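Breakdown of the fold
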Amino acid sequence: VKAIRVCFVFLCFLFSGSIIAQKTERVYLSGMGKDDGILWDFYCTDGRSSEKWTTIPVPSNWECEGFGTYNYGHDQNPGNEEGWYRHVFTVPKNWKSKSVEIVFEGSMTDTEVRVNNQLAGAIHQGAFYRFSYNISNLLKYGDENLLEVKVAKHSANESVNEAERQCDFWIFGGIFRPVYLEAKPPEQIEHFSIDARADGSLLMHAVLKGIKKANLLEANVKTIKGDLVGPPVSIMISEGTDSVVLKGKIKDIKTWTPETPTLYMLEIGLKRNDQLIHFETERFGFRTVEIKDRDGIYVNGIKIKFKGINHHSFWPTSGKTTSKQISIEDVTLIKEMNMNAVRMSHYPPDEHFLDV
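This write-up is about the structure you can find in this document.

What counts and what doesn't
Residues numbered from 1 in each chain as written. Predicted model: local features only at pLDDT ≥ 70, side-chain atom pairs only at ≥ 80, totals over all residues. Heavy atoms only, no water. Helix = DSSP H or I, 4+ residues; strand = E, 2+ residues; numbered from the N terminus. Buried < 20%, exposed > 50% of the residue type's maximum accessible area, 1.4 Å probe, protein only. Contact = heavy atoms within 4.5 Å. Areas by Shrake-Rupley, 256 points an atom, 1.4 Å probe, with all protein chains shown as cover. Lys, Arg positive; Asp, Glu negative; His and termini not counted. Charge placed at Lys NZ, Arg CZ, Asp CG, Glu CD. 1 Å grid on protein atoms, 1.4 Å probe; cavity = no way out; pocket = protein on both sides within 12 Å on 5 of 7 lines; lining within 4 Å. Points joined across faces, edges and corners; volume = space filled by probe spheres on them. Nonpolar A, V, L, I, M, F, W, Y, C, P; charged D, E, K, R; others polar. Core = buried A, V, L, I, M, F, W, Y, C linked by side-chain atoms within 4.5 Å. Pairing = 2+ DSSP bridges. Axes fitted to C-alpha atoms, helices over the stretch in contact; angles between N-to-C directions. Patch = residues over 30% accessible without salt bridge, like charges linked within 9 Å, V, L, I, M, F, W, Y side chains within 5 Å. Salt bridge = Lys/Arg side-chain N within 4 Å of Asp/Glu carboxyl O.

So, about the overall build of the protein chain. Broken down by element type, the protein chain carries four helices and 26 strands. Considering only C-alpha atoms, the protein chain reaches an extent of 65 × 65 × 45 Å along its principal axes. Within the protein chain, buried positions represent 43% of all 356 residues. In the protein chain, the proportion of contacts linking residues at least 24 apart, taken out of those at least 6 apart, comes to 67%. Counting every atom, the protein chain has about 19,500 Å² of accessible surface; 53% of that belongs to carbon and sulfur. For the protein chain, the distance from the average site of its 42 positive side-chain charges to the average site of its 46 negative ones is 7 Å.

Next up, the structure:
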């Protein structure tokens, strides 16, 4: 009996590990927001507390942590300091067979990334956009790795400065949104989008990468509790496939409306015969949004009057670095004011704001 129990426990661990290996793995090198930053080594080239190595929480704006120079968008003599970051991290040994990317949700602004003294890729320009580098070949698996990041407060690209640095708001520098590693199998779902309509029709566009032996892409719709809704939607693929569209229709769905925001879960999986190679999940709602010329905007056939407000990602003590709790407070306030629309002024918001 003991032998059977040990074998059962071993098989459970084996199965659990297999499922984890098939799903995208994410390891944060920073905190998630303004209240849980991880300390990295830091050097500021000019302004307050400059020209000496110390530490700074990531994510953050360095001005709010006592470094550099505070500037407003229309200042005639803006500070032009740089921030240099260093951070040591380890990577699991079993990631050696995976495709590993380092992802920056936002950095102000031109950002150069090195891993183990090697350039990860081209310098990124533009503060508010997520960017990433595949660093699989630069890593020491099962050992310590050195991450070095150089951030210039202003961009070498004048169009970026005109759009982001010469505006009617405070200008900040620094890695102000989370940084993390993502590990996927070599054959993978790179990203996908969902168009789910009020009549239950479902259209999914998936971008694939490294396809060699995978021969099927399958999507399942489930309730938030995990119950299967309708049959799977699938399409056959072959070596080299890099983009596919899946179409299906789910019966007896509950539509998403502002009053009844019913959500479902999509599980999309890459398979080789019956073997699951990689899968991703995403929440979504079935709803149809239409713009009717000279009339207005309709949701599920009902005309909607927008009562909206502009929204910046900003907090008085932490600049552009926010948190999910701030997003909850902002959205709660917006709804208390009987508003139903938000204009993102003038850049992509934090991912948690869209979730909230």
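Below, the discussion takes up the layout of surface pockets. Using a probe with the size of a water molecule, rolled over the atoms, empty space left in the structure can be pinpointed. Estimated volume of the second largest pocket: approximately 320 Å³. Along its surface, the second largest pocket is lined by 17 residues, and Tyr28, Met32, Pro178, Glu351 and His352 are the ones closest to its centre. Contributions of two or more residues to the lining of the second largest pocket are made by β1 (25-28) and α4 (351-355). Of all the elements, α4 adds the most residues to the lining of the second largest pocket, at three residues. Each residue belonging to the lining of the second largest pocket can be placed in one class, and the counts come to four nonpolar, three polar and 10 charged.

Judged by nonpolar contacts, the single largest core of 31 residues is most densely connected at Trp40, Tyr85, Ile102, Ile135, Leu147, Val149 and Ile175. Where this core is concerned, the elements lending two or more residues are β2 (38-44), β3 (53-58), β5 (82-90), β6 (99-104), β8 (110-115), β10 (131-134), β11 (144-152) and β14 (179-184). Sequence-distant contacts of Ile135, defined by excluding residues within four places in its chain, comprise Val100, Glu101, Ile102, Val115, Ala120 and Leu181. In this structure, Leu202, Leu246, Ile250 and Tyr264 belong to the second largest nonpolar core, which totals 25 residues.

One open sheet accounts for four strands, arranged β18-β17-β20-β21; its pairing is antiparallel. Bordering the open sheet on either side are β18 (233-236) and β21 (275-284), each of which pairs with just one other strand. Averaged over all pairs of adjacent strands, the angle between their axes in this sheet comes to 15 degrees, without regard to strand direction. Note: strand β20 (residues 264-272) against β21, nine bridges, orientation antiparallel. The residue of β21 that forms the bridge with Glu267 is Thr281.

So, on to a nonpolar patch on the surface. A cluster of nonpolar side chains, contributed by Tyr70, Trp170 and Phe314, occupies part of the molecular surface with about 300 Å² of accessible area. Along the chain, Phe314 falls in the loop between β25 (308-311) and α3 (324-336).

Here the focus is the sheet that holds strand β24 (residues 302-304). An order of β22-β23-β24 is seen for the three strands of this open sheet, with the pairing classed as antiparallel. Both outer strands of the open sheet, β22 (289-292) and β24, are each paired with one neighbouring strand and no more. Looking at each pair of strands side by side, their axes are set apart by 40 degrees on average, direction ignored. Both β22 and strand β23 (residues 296-299) contribute to a ladder of four bridges, which runs antiparallel.

Of note, the bond from Val58 into Pro59 is cis; its omega dihedral lies within 30 degrees of zero at 10 degrees. Tracing the sequence through the fold places Pro59 in the loop between β3 and β4 (71-72). Residue Met108 is joined to Thr109 through a cis peptide bond whose omega torsion reads -10 degrees. Within the secondary structure, Thr109 sits in the loop between β7 (107-108) and β8. Even without a glycine there, the phi angle at Asn300 is positive, about 55 degrees. Mapped onto the secondary structure, Asn300 falls in the loop between β23 and β24. The class for Asn300 is partly exposed, based on a relative accessible area of 21%.

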